[in-house]
Structure formats: C-alpha cells, structure tokens
Amino acid sequence: MTSLSRELVFLILQFLDEEKFKETVHKLEQESGFFFNMKYFEDQVQAGEWEEVERYLSGFTKVDDNRYSMKIFFEIRKQKYLEALDKQDRARAVEILVKDLKVFSSFNEELFKEITQLLTLDNFRENEQLSKYGDAKSARTIMLVELKKLLEANPLFRDKLTFPAFKASRLRTLINQSLNWQHQLCKNPRPNPDIKTLFVDHTCTPPNGARAPTPSTNPLVGTLPKGAVFPPIATHSPFQPAGASSGSLSGWMANPNPAAPHSAGPVSLAPPPNAAAFLKRPRTPPSNGPAVDYQSADSEHLMKRIRGGQSEEVTYPGPGPTHHLNMYSQDDLPKTLARTLNQGSNVMSMDFHPLQQTTLLVGTNVGDIAIWEVASRERLAYRTFKVWEISACSIPMQAALVKDPAVSVNRCIWSPDGAVLGVAFSKHIVHIYSYTAAGDLRQHLEIDAHTGGVNDIAFSHPTSQLCIITCGDDKTIKVWDAVSGRKQYTFEGHEAPVYSVCPHQKENIQFIFSTAIDGKIKAWLYDLAGSRVDYNAPGLWCTTMAYSADGTRLFSCGTSKDGDSYLVEWNESEGTIKRTYSGFRKRSLGVVQFDTTRNRFLAAGDEFQIKFWDMDNTNILTTIDVEGSSASPRLRFSKDGSLLAVTTNDNGIKILANAEGLRLIRMLESRSFEGSRVPPETMATKTSIVNVMPPAVTAPCSLPGAIERSERLTPAVSMNNFSSIDSSRTPDVKPRLLDEVTDKSKNWKLTEITDLGQCRSLRLPDTMHANKVVRLIYTNSGVAVLALASNALHKLWKWQRSDRNPSGKSTASIPPQMWQPASGIVMNNDIGDTNPEEAAACIALSKNDSYVMSASGGKVSLFNMMTFKVMTTFMPPPPAATFLAFHPQDNNIIAIGMEDSSIQIYNVRVDEVKTKLKGHQKKITGLAFSHVLNVLVSSGADAQLCLWGIDGWEKRKSKVVPVHPGRSSPPVGDTKVQFHNDQIHLLVVHESQLAIYDASKLERLRYWSPHDSLSAPISSAIYSCDSVLVYASFCDGAVGVFDAESLRPHCRIAPSAYSPSVMNSSNAYPLVIASHPSEPNQFALGMTDGGVYVIEPSESEGKWGVGPPPDNGTVGSNPTLSNQGSEPPSR
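Residues numbered from 1 in each chain as written. Predicted model: local features only at pLDDT ≥ 70, side-chain atom pairs only at ≥ 80, totals over all residues. Heavy atoms only, no water.

Peer 1: Before we go on, may I ask you to explain the environment of Leu786 in this structure?
Peer 2: Here Leu786 is to be found in strand β32 (residues 784-789). With a relative accessible area of 0%, Leu786 lands in the buried category. For the pair Leu786 and Leu845, spaced 59 residues apart in sequence, the C-alpha separation works out to 9.4 Å. The residues touching Leu786, leaving out its near neighbours within four places in the chain, are Arg775, Leu776, Ile777, His794, Lys795, Leu796, Met827, Ile843, Val852 and Met865. (Helix = DSSP H or I, 4+ residues; strand = E, 2+ residues; numbered from the N terminus. Buried < 20%, exposed > 50% of the residue type's maximum accessible area, 1.4 Å probe, protein only. Contact = heavy atoms within 4.5 Å.)

Now the structure itself:
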C-alpha cells in the first residue's frame, strides 16, 4: 500500500470516529494494522473481554513473532487462567491451560508445570509468588502496566502507537475543497449551489450566470468543528504497581527489553500540546518531532487551561522558563548554617537516617563510623575499624591487611527502614550493623565481599527479604541476603572496577544500574542473564547514579580523569541523555559528588561551593559558599530535604538548614536543654513525644567536640513505659522524689491571664462587613494572615517592614494593613446554589504563598495571591469539598475531603480524580499527610480516624475517637487532625477532648478533656510551629496553652485578656485558631463576630506560663490535672 493510501486509511479512521462508528473504527484499526488504539485495548483488558483482546492483537502480531509478543500473549492468557481458578471454574481453567497456555511449554517447560500445579491448590494464592494477588480488577490493572511496556518495546508496534497529527474533520475538509474547486470550474456557477451527491462531479447551470462566492466564505458541506483530533485525547495515569515478586511465575520474561527499564510510578502528566504524542509514555519525547521539554510543555498546557482566556499571565517564583504549579522555591533549599560537627578525621561518606531526620551516619578515611544527633551535636555511637573474625577472612584479604593495615570507608548507608546500616571498606569487607530501638549499634554481619576494595553498597528488596548489593575492584556486583549473609547473585560483565551501584524498581521489575571506572553503565535483572544495557557515562570515569525521590527521573554525576565534571538526566527508555546541567569549573579538583531532594532540586559540590539546580533547568539555580569546605565537598540531603550535610577540609561537617530544618533543630535543642535542667533521677518521668534518636551505648573513645553518652543524663522514658520500670530500682530515691513531686503539684497553680496588660493582643483592622471567621491561616513567610469568612469572602492582612518591625513579620505590637491589589478585586469563593453560611469551608495555601485553594460549598477555587484573580475552578458540587490537603511529595496532587464522606485524590495539573477513598460515614473534617510514615490520616464528623497508605491508597486502619470517662454515648461532631513536626505523632481535636496518637498504629497515647476553668467545648486546636505547645480555643472565649508532650495546661487566657468586647458579647468566641509559622509563642484567633486577633505573651514574660511538675506516672491530686490521662501500653 502506498503512503497516500495509508494516509487515506487514517483519514477514514478519523471520520468514522467523529461519526461514532466505534465498532467499525476498531475493526479497521485491526484489519489495516496501521494504528494500535491503546485506549481501546486497555478498556477491553479491564473489562475482561479476552477474545476481543486477542482478536484485536492478531491484526498486529502473532504469538511467535518475537519474545515481546510471546510475553504479551502469555500475560493475557495467564490472567485469564487465574481468573478461572479464582471463580473455582476448574473445567474452564483446564481448557485455557490446554488450549492457550500449552504453546508456551516448549519455551519454558518448568514454568508450564508450575502453572499446571495451581490446579491442585484450593486457592492459588497459596503459591508464594501469587500470595499478593488481589482481585481480578486490580490484577488486570497491574498487568496492563506490564503490557503497555511490552507494546512500546515491541518493534512490530513501532510507529503504530501514535495517531498522526492533523486537523479535525480532515476528510470532510478535503471534500469541501474539491467541491469548491469543481464549483469554480462550472461554466455557469449558481450563487447557492445545491449539492446532492458525491458520487459524480459537481456541475450547475444557473440561468442568470451569477458567480458563486469564493470557497473561503462558502463551505459547502456543513461546518467544520474546531480543535478535535482522532481519537478524543484521554489522559492516562500510570497504574500503581503492586509488590509482586519477580520470580519465575509472575515475573517470567520480566523486562525483556534490552534497552532499559521503563519509566513508571505515580506520575500523571497533562497531554502534550502536540497531538501526535498523545499516546506516548510520560517523559518520552516523540521520535518524529522536535525535542520537547515536557515539564515546560505540561506547564504551558496547564497555564493555558488555568488562564481560561484571560489576558493576564500569572507567573510563579522559580528559575527558568517553566511556570507549572510547583510550590517549591529557593527558600526551600537548606542554605543557613545550623550546626558544625567535628568528626576528627576526613569524612568519606554520609547518610541521614530515613526516619530520624536529624540523625546522621558518617564514615571516615581511617575506617571509623559514627552516628550523630545533629540537633544536640551528640555523637550517639562510634566504632573504629577492626576485623571481627580474622580467621573467617580469605587469604588475599589477610595478606592485604598485613601488607597495608590502613583501611578507609568508601560508603556507609542506612537500610530503607533505618533498622540496619552497611559500611563498605577499601579492603575486601563489608560490615552490617543492626540499630535497635534503644539506640544500640550491634554487629550483625561481616562479609568478605570482593577482592580489593568494596567501592559501593546499597540495600534493596528484590523479594520480601532485604538484600545487600555491593560492587568492587574485582569488576563484579554481588547480592547478599541481609539476614544470613549468604551470596545470592554475582553479576559479571564489566571490564573495569565497578565504582557504584543504584538499585531500583519499576512496577514489579527490580533491577540494578552499575557504573565502572571506564565509564560503562550497565543494568542487571536478578536473573543471571547478563547486562541488559551498555551505555557510556559522560566523562568515562567515576560516575554515580541516583533517582529522584519519587523514582521517576534518573540522574548521574561524574568526573573525567582530566577533571571535567558532568551532571545529566537520562531518558531511560532510550538510553540517551535528556539534559546536561552546566556550571562546573573546567578542571574540578576531585570527583564531584551530588544528591537530589524534593523531586525538584539537584546539588553538587564543586569549586569549594555547593551548587544547586532546578531539575527542569540546565542553568545553575544558585550557589552557596560553605566556610572551610573542601574543593569538591561531599554532601547529603536529609530525606525531607530540610537539612544538608557538607564536609569541610578540617575533618568536620557543616549542617545547613532551611526554615523547616531550623525549626526542627531548635525544637530538639530546646528539648535537650529542658532535659538538662532536670535532676537525673527525675528524667525518667519526662514524657517524650518527639521521636528523637534514643540512647546508644557509650562511645569507646573521645573525639573533639563530641558530647559522649557517658556524660549524658538518664534518657527520657515515655509515660507508656512506667509499668515496666523496676520498682526495686533506686529504693532510697523514688519515695523521696514522689513526695517532692506531690508537694510541687500541690503548690503549682495554673497561670491565669485575665487582664489586657498580661499579654499583647491586637484586633486586626477590618473595613469590610464582618462575618464569622470559619478558616484562618498564616502565610508560610509569616508576614500575613489570611481569613475566610462564612460569606465566602477572603481577607488578607500584611505587615510592612519598618524601623519598629525590620523583619516585616506579623506581630501584636504593630497593626497590619488590610491588603488588596490595586484593581480593588476581592477573593470570593464560588457558592453555586448553596448557602455559604451553612456550608463547610476549606482552604489550603501553596508553600511559596503564591496561590490559595479554597471552597465554601461551591466549586474549589484557585486564586492568585498577588492579583486575587481566579485562576481556575474545579470539583463542582455535589458533593461539596470540605477539606483540602496537599500531597507531601507531589504538590500537584491534592486530597480533597468531601461532604458525602469520601476523599478524592485529585491531580490539579490534568484536572483528574486519580482515586476515591471511602471509609467514613459523615463528611470529612480533617486530612493530614506524613512524609515519614508515607500515610494520610483522615477524620470526619463521625468522630472516626482512618489511616491510608499513599503508595496504593489502601486503607490500613480505622478507629473511632474513644468516649472519655463521664460520657455514655460515643462522640460525634467535627474531628480535626494535625501531625507533630516529627511526622509520627498526631494531634486529634474534638470538642470533647484533645488527644495525642501514634499515627503508625492509630494508638491513642494520652488525652485531655475540658474541665474546671477550661470546661467549655473545644472549638479548635493546633500545634505551635515547633510542636512544643498546643493552643486550644474554647466556646466560652477562653484559650488554653498546653504542653504538647503531656497535654498538661500551662495557662488559661480569658477573653477579657485579649478583647473586652468579647466579654460583653455572650455569642462571640474563637471559632478557629492558627499558629505562627516561625514564632512559637504567637497565635491568631478567628472569631464568630468576624474579628481576627493576633496574640503574644507580654514582653516581660516571653512565654505562656509554666506547666506543672511531672507526676512520676501517677495522676496528681491537683484538680486541674485530674481529667488528663495516658493510655495503657498495648500488648
């Protein structure tokens, strides 16, 4: 068939689709074999229409065409077989086995036998490799991910997965043009020709000889629709993979594409503007068009959608030409010096603990390792190098140690859960330590891993069992069982020493990238079948590789022998370099090290500086000078990106922090200081909610600048553990201590603030009509307060820089300005047909304060905070949105709580609901993400808490807020949740109680219920910015300040202390409370009478009262404390 004939088929396909001849369209697709409609194929697979699936495929390939095709048909037929078994339809299963799967036995007889044996099981999930099989729907979804990769890799489908780009109704346009041309050729054209057939050429013979209008103004066959292409563009979000095994059954022929692993994961991109690329994989540039920066393309698409015809263009802070909705800015980079640590020898490797954000593992050039708590500058553990069992070492290793006993750490790293750490040394061996909950560092494994140096070490989960991956001078990569130390795989194929390894997973495919010092990059599956790829790294020398935190983008950084350094992003599917980042000096003085953070930034050490890049911009974003740093400093980000460790040339480490990191360090430092003022005997009574690294064994030797464990006080113990304390311990101390505490409790009184002069308060000036304030937040910069009133109107107050207020941050001492743009526009939420006074309002502010999302019973509105203009609206009711929360890793993903009790996970970039979560019975009133636990906690008006995993959005647990003593019926009403700064503990707020939960288990640790002087129902509560205090407002106008650890009250602020007008109004009270983002003692109140107050302690006091002394695990007699309790430890 000629090229024009092929194009005619595409025109016919488009015409048939526009005319809704759906079955005919797909029949022609299959018979012509020109275009494989992935959307149609997905729909048929999801529906389980297996005969149609294979019939459609048969137009493009047969089972034995190639190994890709074989794998495609095998996966489909295997799924059909498993579904028959799951329905207990044995006869059908046998038929599929004999008729459809038998063909594969000639290629893999063992696999066919294993499949056959499934017939003997009552439930095929008893097979270990199929134990995670869910239901048919989820299994089809997972299979589709694999099938799409295979189709894209199959050469028979090349150029068939993308429909050509041409205008809508192209065939109709060509016919129009032909008829116009024929009409112009008429000898006597009529002004209004009557076209009745296309079967013969058009002619007309009008009696008056009038000429017809020109073709441009007289379309003869209907009107041409605008902007459509065939088929209708649909956005496809890659499916979430399940944790399937890559073994012989579920992973047979896994990843047969020798090119590279394919990109996948929780990424959802908007359709590219180029229609020719609408079925391409995310981040894969079209092969038949110009190179496109897909971040920019997506952003342009998004901004066009958001602007919706507006002439004004909204731009967001950030470098480069991209303008997509990304709430990270340069302020998120850790650039402020927070700590200096003195290690005592040259630091070679560092790694932050995956859960404990301020715990740093360090390895040195003399073989030492240390674990530091950077907030308190404490060295938690320290080990010098020694061989644990010399007799078990190989002869070459023993000879190497005798010849040269000097040993350096090449790499040290934490396991994914932080329970194990690994150290790779410059001579032969690897040490694996277990790190216990008590902070004890214990020897676990000593592995004689490689001949020569062990250059890198990593942890991976190719199966359910944790594995260790090492590489070395002997040109090999090896995989070891992390429990037994048994060697599982040896990968050979490099021709030079292997410099680094980078294990990763895409869907259910596990693989390892490795780099050698000859510049070769190879990829390995866990199958001993050899390397799958062979790339050349820029510089052809020492290179390391790393993925972005979400696993979707691959980077490498390396230095050549001549000192030229390269930082690049790879296109995995093609094995090509997508972009090369500029800014390195011509001759680097060492091998440049790099790291990634927040799925947004890259950092590398070069020229005695730290250089930062935005991942989407090849130019340097910014640089910082670190005093005393080496020429090519080593660096490492904490998991959340708030801290950055940088090596110095004086054997030290500088800890840089952003605002969030500084708050965390200050909070932990204050805890340490408060603990140091308590006598050692009483330290055991101090409760601990901050998940600070627990104590470790005393370090065996002293290093400069380190606070050794032997000098530390007795560690803090949680109140939950008092039942396990040995009562025989310190018999001469405890009775006396208890008496002292009891005496102090009797003498202690709750601080009462009742007069205006006892604190600083300011009612913010308001020139608009006052309606009750239903939502209240500070901007993240701390310079403004944003309120949402019950009439759907937003109000913004900004403080200005001045001599009295040089920082420009909010303060109760200086009135702010009620701010509006010059246009005079106001921010009003869409209300539709609802009454906003009765609707549940919700609001969320972007991290860089550039826009705000908000709803008041109508659509969710996205406002520009500079212009107050509506950028877009979405989620029209019903149901109405009732709560908003941003995903911690992807700021384009929003969790939206709904009035109908569901939670919708919405992608704002592509205007698509990814999934719906159902677990509540009433409207959603609270949502909180934890990036440490990787969970979402939801709360509702049903007083229920639900815990959701954010990888697969599965429901893990749910609990009803317990009834506190004195109540007979379960609590009802709005329940709010907020995570502590440690991202593990959770504040739960209900009108009947405040409670602290361990979010990982949804276990209530302690609670407080209203009584005595704080006896009214609770209207709102929130952590202070450092999570040291909890501020709670009450329906009688009072405010309580509580210790966040114990929920013991520090003070009560009466309404007369901040506003006499509240005292004169029986109906006015704080409905919402907000805490300042960087001033822990400042908070704001949103009132039912429409007022907004900013409140701070008096300058003479500087803080909010003093809490009662600890009660040594017993409830004191003080009536103010009698309704505060702790839950018993779980068994």
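Peer 1: Is there a simple way to explain the packing of aromatic side chains in this structure?
Peer 2: Each aromatic ring pair is specified by the distance between its two centres and by the angle formed by the two planes. Under the defined criterion, the tally for this structure stands at 33 aromatic pairs. An angle of 35° between the planes, with centres 5.3 Å apart, marks the rings of Phe584 and Trp613 as tilted. Linking Phe584 in the loop between β21 (576-581) and β22 (594-597) with Trp613 in strand β24 (residues 609-614), this pair joins segments that are 29 residues apart in sequence. Like Trp613, Phe584 is buried. Site record: aromatic cluster; members linked through ring pairs are Phe36, Tyr40, Phe41, Tyr56, Phe60 and Phe157. A cation over a ring is seen here: Arg67 above Tyr68, with NZ or CZ 5.4 Å from the ring centre. Above the face of the Tyr382 ring, Arg379 is positioned so that its terminal group lies 4.5 Å from the ring centre. (Phe/Tyr/Trp six-rings, centres within 6.5 Å; stacked < 30°, edge-to-face > 60°. Lys NZ or Arg CZ within 6 Å of the ring centre and 35° of its normal.)

Peer 1: So what exactly am I meant to see when it comes to the sheet that holds strand β14 (residues 498-506) here?
Peer 2: Whenever strands of a sheet pair, they do so through backbone hydrogen bonds, lying parallel or antiparallel. One open sheet holds the 4 strands; their spatial order is β14-β15-β16-β17, and the pairing between them is antiparallel. Looking along the sheet, the strands with just one partner apiece sit at the ends: β14 and β17 (533-536). Strand-to-strand, the axes of this sheet are offset by a mean angle of 20°, without reference to chain direction. (Pairing = 2+ DSSP bridges. Axes fitted to C-alpha atoms, helices over the stretch in contact; angles between N-to-C directions.)

Peer 1: Teacher, can you tell me more about the pairing of strand β13 (residues 487-492) here?
Peer 2: Look at any regular strand and the pattern is simple: side chains alternate between the two faces of the sheet. Pairing analysis gives 5 bridges linking strand β12 (residues 476-481) to β13, with the strands arranged antiparallel. Bridging from a neighbouring strand, Trp480 pairs with Lys487 of β13. The hairpin turn running from β12 into β13, its antiparallel successor, is 5 residues long, and Gly485 in that turn takes a positive phi close to 80°.

Peer 1: Even after reading the chapter, I still don't get the sheet that holds strand β6 (residues 409-414), so can you show me in this structure?
Peer 2: With antiparallel pairing, the 4 strands of this open sheet are ordered in space as β6-β7-β8-β9. Two strands in the sheet have a free side with no partner beyond their single neighbour: β6 and β9 (441-448). Ignoring strand direction, the axes of neighbouring strands in this sheet form an average angle of 20°. Judged from the 5 bridges that link them, strand β7 (residues 420-425) and strand β8 (residues 429-435) form a sheet pairing that is antiparallel. The partner of Gly422 across the bridge, within β8, is Ile432.

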